[in-house]
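Here is how the chains run, residue by residue.
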Amino acid sequence: MNAHILDYAAVGVGPANMSLAALAHPVEGLRGAHLERRETFSWHPGLLLPEATLQVSLLKDLVTLVDPTSPFSFLSFLASEGRLYRFLAADFPAVLRSEFNQYLQWVAERLPSLTFGADVHSVDFHDGAFHLRTAEDEVTARHLVLGTGLTPSVPAPFRPFLGPTVFHSGEFLLRAPEVTGQRVVVVGGGQSGAEIVRHLAAGAAPRSITWVSRRSSFLPMDDSPFANDLYTPDYVRRFHALPADHKVRLLERQKYTSDGIDLQVLQDIYRLSYRDEFIENNPGRLRFLADCAVTAIEGGPDEWKLVVESSGPDAPAVLAADIVILSTGYAYELPEFMAPLQARLRRDGGMLVVGDDFSVAWDGPAENRIYLQNGARHSWGVADPNLSLLPWRSAVILNSMLGETRYPV
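None of these values were measured; they are calculated from a predicted model.

### Quick word on the sheet that holds strand S15 (residues 323-326)
Right, on to step 1. With respect to topology, 5 strands assemble into an open sheet ordered S8-S15-S9-S10-S11, the strand pairing being parallel. For this open sheet the edge positions go to strand S8 (166-168) and strand S11 (286-289), each flanked by a neighbour on one side alone. Sheet twist, expressed as the average angle between the axes of neighbouring strands with direction ignored, equals 15°.
Right, on to step 2. Here S8 runs beside S15; their pairing, made up of 3 bridges, is parallel. When the sheet's bridge partners are listed, histidine 168 is paired in S15 with leucine 326.
Right, on to step 3. Packed on one face of the sheet, helix H6 (residues 191-203) meets strand S9 (183-187), strand S10 (208-212), S11 and S15 and runs near 165° to S10.
Right, on to step 4. Running over the sheet, helix H10 (residues 263-279) touches S10 and S11 and is turned about 130° from S11.

### Structural notes on unusual backbone geometry
Right, on to step 1. A cis geometry characterises the amide bond from glycine 300 onward to proline 301, with omega recorded as -5°.
Right, on to step 2. With respect to the helices, strands and loops of the structure, proline 301 is situated in the loop between strand S12 (292-299) and strand S13 (304-310).
Right, on to step 3. Positive phi values are uncommon outside glycine, yet aspartate 127 reaches one of about 55°.
Right, on to step 4. The phi angle at aspartate 291 is positive, at roughly 55°, despite the residue not being glycine.
Right, on to step 5. Here aspartate 291 falls in the partly exposed class, since its relative accessible area comes to 34%.

Analysis parameters
Residues numbered from 1 in each chain as written. Predicted model: local features only at pLDDT ≥ 70, side-chain atom pairs only at ≥ 80, totals over all residues. Heavy atoms only, no water. Pairing = 2+ DSSP bridges. Helix = DSSP H or I, 4+ residues; strand = E, 2+ residues; numbered from the N terminus. Axes fitted to C-alpha atoms, helices over the stretch in contact; angles between N-to-C directions. Contact = heavy atoms within 4.5 Å. Buried < 20%, exposed > 50% of the residue type's maximum accessible area, 1.4 Å probe, protein only.

Purely spatial values, then, with no claim about function.
Structure follows, in structure tokens:
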């Protein structure tokens, strides 16, 4: 093989591909490049609220569950930074997301295979290799790994109005809206919506905060032992082997093992509501509208009118808002740079066909694979976009590339 052809090229440097880079680092002779269009590493910077925590164990980092001896573990980070004893003494109920972001940045600084400021414009395949083009360079590799993450989901009625006062929750801290004295409406009953509601209610002074959710209530995450069994290699292997229609039913039933709200956050919000009503004598500042759907938005930019549909008798037909925050989730979209190869990828029911080594079925040579990170929830279940199985999935991909069991999976 030509010396300039790498073993693999990975696009996107988030936790998924960083896990791959960390586990690939000690593999002698393996040559890979990780390309990221951003100039520096950041992990959901718009949602790094100071009080926000992980919803998973600190052991579910980039490497530990596959290689507990790795120098890229969260515990190695704590020890390297001289804070291990203080961390233990602090006895946090969960890891602060801002500290986990520091850990990820610490790992990024120690992985020579990561290249920032490399925006991939297109990927094509010819002469037995993938060719990735950026503005300044071309990278050629035997395998391709897609790790570009999820895209914010914005319901169609809101798209024409996106801007300084109507935006997705992922932009919250980046937008830094002035909320003092404003009527804020948060749309979406998941974790990010809950964290923003808590943050606004505790530290800012909006005139009102209205939290709207389609769900029947503001429901907690199922964090029980049997629910956590869904986030193990044994279970996701079984899930992957199921018929597609069975997977669809299970994904809906298992939704609240990942898309529910951390119980501590719900308790904090309820207590803040109690404080407003009975101690601050400000009832109604914090309103909760479950079983409601916002179907249209009108007006702006000084005042928005949100049309609300609900089966309940007490929900308003129209909500007035100065700021609208859309906590409406994320979805996977094939990145635009894959356009030259898109027609060659196999789909079933519109969804990519993803194999048991996380490679996407395509019409190219079997010895050249396209691996998919964090884009196969339909195929691998609720654990796919979660941090829980990052190192396991990366180990599966590495073993497939190497053609041997480098890591037990």
